[in-house]
Amino acid sequence: MDSYYEKVHELAIIPVVVLDDVADAKPLADALVAGGMPSAEVTFRTAAGEEAIRRISAEVPEMLVGAGTVLTKDQADRAIAAGSQFIVSPGFNPEITRYVIDKGALMMPGTATPGEMEQAMSMGLNVLKFFPAEQNGGVAKLKALAGPYTGLRWMPTGGVNTKNMMDYLNFDRIVACGGTWMVKKDLIDGQKWDEITAICKEAVQTMLGFSLHHVGIPCGDADKAASTAKAICALFGFPCKTGSSSDFAGPVECCKVTFPGERGHIAIGVNNVERAIFHLGLQGVAFDESTRKTDEKGKTKAIYVQGDFGGFAIHLVQK
């Protein structure tokens, strides 16, 4: 997968921004960064779009910024010149799509039907915008299309919000969701940057879905792990599960071998470990790469956070 799409996947949420005043570009970008969403699809729906992209690219370099609602070759040229890292259109126009591809830019045309998707695939594209998502059948339609189009991935936009985005993001063929709910016109016009940041933080927390998964007890050997697990199961009626390196008593892991953490470890469940690594990394959190575990597809399923937390180690695990 292209490095751009990898970053989009890690971000998971791409704000779709409509700006009437160029002066709002930087404070809005700063608000998005503070909220854990350092990205924006700035649309060409208004005259301010081009200059807003230019300012964000120059003044907030940590932002992944692209151009949306690109309908003409002229708009595509201006968007690329302004510093757009990707180009998005609401629909599939073969001429414009080919023009942007030939320019060497990353293009994500809007599609809604199998025919449009096949045409885009014939141009070498395998990540497409699905728009308007909710009005076109939502994630149920994409799951139906995933069968015949095994190589396609989508970024649904249109009707997506904090309440329903996980319906999409829990489907592994979704790269990210685009949306306007955190950058509504009244919030921007009112310069309510703190409110925008708060909405972004809520969406990111919902997307990551942190929760206590289990607690690990360092028992030292197999016999002690087995007896500890049985005692806990008998006490609370938890189900027991025997493993090669640990025995589980419900949410308690009784470790037969040594794991990180002097007193034990705390496992935090997340919706997507790779996205959690990225977003926590934005806050300066570091991870112990030697502890990364992957599944058969190469997707990260567990990793330890660097550091000690009251004698406990902390690791992220896939829910």
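The paragraphs below set out a description of the structure included in this document.

Procedures and definitions
- Residues numbered from 1 in each chain as written.
- Predicted model: local features only at pLDDT ≥ 70, side-chain atom pairs only at ≥ 80, totals over all residues.
- Heavy atoms only, no water.
- Helix = DSSP H or I, 4+ residues; strand = E, 2+ residues; numbered from the N terminus.
- Buried < 20%, exposed > 50% of the residue type's maximum accessible area, 1.4 Å probe, protein only.
- Contact = heavy atoms within 4.5 Å.
- Areas by Shrake-Rupley, 256 points an atom, 1.4 Å probe, with all protein chains shown as cover.
- Arc of directions from axis to C-beta.
- Pairing = 2+ DSSP bridges.
- Axes fitted to C-alpha atoms, helices over the stretch in contact; angles between N-to-C directions.

1. Topic: the overall build of the chain
And step 1. Per the secondary structure count, the chain includes 12 helices and 17 strands.
And step 2. Viewed in the frame of its principal axes, the chain has a C-alpha envelope of about 70 × 45 × 30 Å.
And step 3. Taken over 319 residues, the chain has a buried fraction of 50%.
And step 4. When contacts within the chain are restricted to residue pairs at least 6 apart in sequence, those whose partners lie at least 24 apart make up 60%.
And step 5. Accessible area for the chain stands at about 14,300 Å²; split by element, carbon and sulfur atoms hold 53% of it.

2. Here's the deal with helix 3 (residues 49-59)
And step 1. Taken together, the buried positions of helix 3 are G49, E50, A52, I53 and I56. The arc that holds the buried residues of helix 3, viewed along the axis, is 165°, so those residues lie on one side.

3. Section: the sheet that holds strand 8 (residues 153-156)
And step 1. Spatially, 6-7-8 is the arrangement adopted by the three strands of the open sheet, whose pairing is parallel. Since the sheet does not close on itself, it has two edges, and those belong to strand 6 (110-111) and strand 8, each with one partner.
And step 2. Across two bridges, strand 6 lies against strand 7 (residues 127-130) in parallel orientation. When the bridges of strand 7 are listed, G110 appears paired with K129.
And step 3. The strands that helix 6 (residues 114-122) touches are strand 6, strand 7 and strand 8; relative to strand 7, the one it contacts most, it runs at about 150°.

4. Here we look at unusual backbone geometry
And step 1. The amide bond that connects F131 to the next residue, P132, takes the cis arrangement and shows omega of -15°.
And step 2. At A12, a residue that is not glycine, the phi angle is positive and equals roughly 75°.
And step 3. Along the chain, A12 turns up in the loop between helix 1 (3-11) and strand 1 (13-17).
And step 4. At T69, a position not held by glycine, the phi torsion is positive, near 55°.
And step 5. Tracing the backbone shows T69 in the loop between strand 3 (64-68) and helix 4 (73-82).

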